[in-house]
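# Summary of the model geometry
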Amino acid sequence: MEALLLGAGLLLGAYVLVYYNLVKAPPCGGIASLRGRTAVVTGANSGIGKMTALELARRGARVVLACRSRERGEAAAFDLRQESGNNEVIFMSLDLASLASVRAFATAFLSSEPRLDILIHNAGISSCGRTREPFNLLLRVNHIGPFLLTHLLLPRLKTCAPSRVVVVSSAAHRRGRLDFTHLNRPVVGWRQELRAYADSKLANVLFARELATQLEGTGVTCYAAHPGPVNSELFLRHVPGWLCPLLRPLAWLVLRAPRGGAQTPLYCALQEGIEPLSGRYFANCRVEEVPPAARDDRAAHRLWETSKRLAGLGPGEEAEPDEDSQPEDPGAPSALSNLHSEEPTVSEPYPSPQSSPDLSKVTRRISVKAEPEHHTS
């Protein structure tokens, strides 16, 4: 009996250590009031995105939920309005697998919303499921779609500067290795999916790095954020049905709740004084060093140019794509969505950019290229 009690005590102690060191997320502080500011959160109908949007709404921001499913997006917007007490939470249709849908969203947003202070790229997929496309679907949804959306919304972000872009990445970027000769090749099989997911997360980190370089001096800063191990729909979405009942209790014990996973993206969006760290990778609400592949400036620039081509952006073009120069399958409706033919939901505009206080004190940014050479593996 004593041995049994001792074993139970050791297990409990080990779990407490794991929980407080790996599972429990530090709370986000940052700007208390966001009244008069507008935020866009992609994939905000559930999980980390929904918790991120909830916190922004509680702080008074006008929040646009950019989601693929109209039914789930509008339901989430209703829930968030009720829970936050903020009626300025709206849904707009966005399918990142379709470049036409990304352009339609940007057009609708820019025509109806005069402000954009915070853009959070939260939406992502970890598997293609049963969907088969003639391109790398994981790269399209996790990187190319957000890349294009950022470009299309940059003029508004610059107008409302200081403003921020947050790209939700993952520790999986450490396993990524970008092969530029086959970057957009279709993904087949679970082994290729694992590799493609890690590659897309590496692309997120390199994108934030290069974007910071491109936007230096504009007042727009950007960050890659790792939410940590999170018990969200992404974790169990593609797990076989018979395995879910076994994994759910384990996930509840050792993974963060979505609210905890939202803390680092919120930190990057709201924390004052981190402007000099633009382009860096954050985990647990602090900067974390990345492996050499994730701080390779040549690879970051090459990815930038390749992404412009895959997104249909012409040479030297920033805000508007060349309609005569389209990438392969530029706007065909994807098998992920049946929604982009619908007009995105819009709402009444908010105050002009000049009416809103600064997002943060303007701080001169230290070049992201001055990172230490050592890294955490």
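About the criteria used
For every chain, the first residue of its written sequence is number 1, and the numbers climb from 1 along that sequence. The predicted origin of the model limits local features to residues at a pLDDT of at least 70 and limits the giving and counting of side-chain atom pairs to 80 or more, whereas totals for whole chains, interfaces and linings rest on all residues. Neither water nor hydrogens contribute to the side-chain values; these are computed over all heavy atoms in the structure. To sort residues, take the accessible area from a 1.4 Å probe on protein chains only and compare it with the maximum for the residue type: under 20% means buried, over 50% means exposed, and anything in between is partly exposed. Helix and strand definitions follow DSSP, with helices as H or I runs of at least four residues and strands as E runs of at least two, each counted in order from the N terminus. Any two strands with at least two DSSP bridges between them are considered paired. Here the term right-handed applies to a crossover when the path leading from its first strand over the helix to its second strand runs clockwise, the strands being oriented away from the viewer. What counts as a salt bridge is simple: a side-chain nitrogen of Lys or Arg found within 4 Å of a carboxyl oxygen of Asp or Glu. Helix span, expected: 1.5 Å multiplied by one less than the number of residues in the helix. What the arc describes is the spread of directions from the helix axis to the C-beta atoms. Residue contacts are counted whenever heavy atoms from the two residues lie within 4.5 Å of one another. Classification of ring pairs uses Phe, Tyr and Trp, with its six-membered ring standing for Trp, and accepts pairs whose centres are within 6.5 Å; under 30 degrees between planes counts as stacked, over 60 as edge-to-face, and the remaining range as tilted. Criterion for a charge above a ring: Lys NZ or Arg CZ within 6 Å of the ring centre, and within 35 degrees of the ring normal.

## Side note on the pairing of strand S6 (residues 220-226)
The two faces of the sheet receive side chains in turn, since in a regular strand these alternate between them. Counting buried positions over the 7 residues of S6 gives 7, a clear majority of the element. By the alternation rule, side chains of S6 split into Val220, Cys222, Ala224 and His226 and Thr221, Tyr223 and Ala225, which are all buried. As paired strands, strand S5 (residues 163-168) and S6 are joined by 6 bridges and run parallel to one another. By the bridge assignment for S6, Val167 is matched with Ala224. For the crossover that starts at S5, traverses helix H6 (residues 190-214) and ends in the parallel S6, the hand is right-handed. For S6 and strand S7 (residues 281-283), the ladder comprises 3 bridges, and the chain directions are parallel.

## Thoughts on the pattern of salt bridges
By the definition in use, this model includes 12 salt bridges. Measuring nitrogen to oxygen at the nearest pair gives 2.4 Å for the salt bridge that ties Asp117 to Arg115. The two residues Asp117 and Arg115 agree in class, both being buried. Between Asp199 and Arg195 there is a salt bridge, with the nearest N and O atoms lying 3.1 Å from each other. Here Asp199 pairs with Arg195, and both are found in helix H6, just 4 residues apart, close to one helical turn. Asp199 gets classed as buried once you look at its relative accessible area, which sits at 13%. Each of the salt bridges in this network shares a partner with another, and the network as a whole consists of Arg62, Glu88 and Glu113.

## Side note on helix H3 (residues 70-84)
Taking 1.5 Å of rise per residue, 15 residues should cover 21 Å, and H3 covers 21 Å from first to last C-alpha, within 8% of that figure. Residues Arg70, Gly73, Ala76, Ala77, Leu80 and Ser84 constitute the buried set of H3. Viewed along the axis of H3, the buried residues span an arc of 130 degrees, placing them on a single side of the element. Opposite the buried face of H3, at more than 90 degrees from it, the exposed residues are Glu71 and Gln82. Where H3 is buried, its residues touch helix H2 (47-58), strand S2 (62-67) and strand S3 (89-93).

## A look at the packing of aromatic side chains
A full pass over the atoms with the stated rule returns 6 aromatic pairs. Their ring planes at 45 degrees and their centres at 6.0 Å tell us that Tyr267 and Phe282 sit as a pair that is tilted. Separated by 15 residues along the polypeptide, Tyr267 in helix H10 (residues 263-270) and Phe282 in strand S7 bring together distant segments of the chain. Here Phe282 falls in the buried class, since its relative accessible area comes to 1%. One aromatic cluster is present, formed by Phe147, Phe207 and Trp304 through successive ring pairs. For Arg140, the ring lying beneath its charged end belongs to Phe135, and the centroid distance is 3.8 Å.

## So, unusual backbone geometry
Here the bond from Ala161 into Pro162 is cis, since omega is 5 degrees, no more than 30 degrees from zero. Topologically, Pro162 is positioned in the loop between helix H5 (137-159) and S5. Positioned with a positive phi, Asn284 is a non-glycine residue whose angle comes to about 55 degrees. The topology assignment puts Asn284 in the loop between S7 and strand S8 (286-287). We note that Cys285 has phi near 60 degrees; this positive angle belongs to a residue other than glycine. Along the polypeptide, Cys285 turns up in the loop between S7 and S8.

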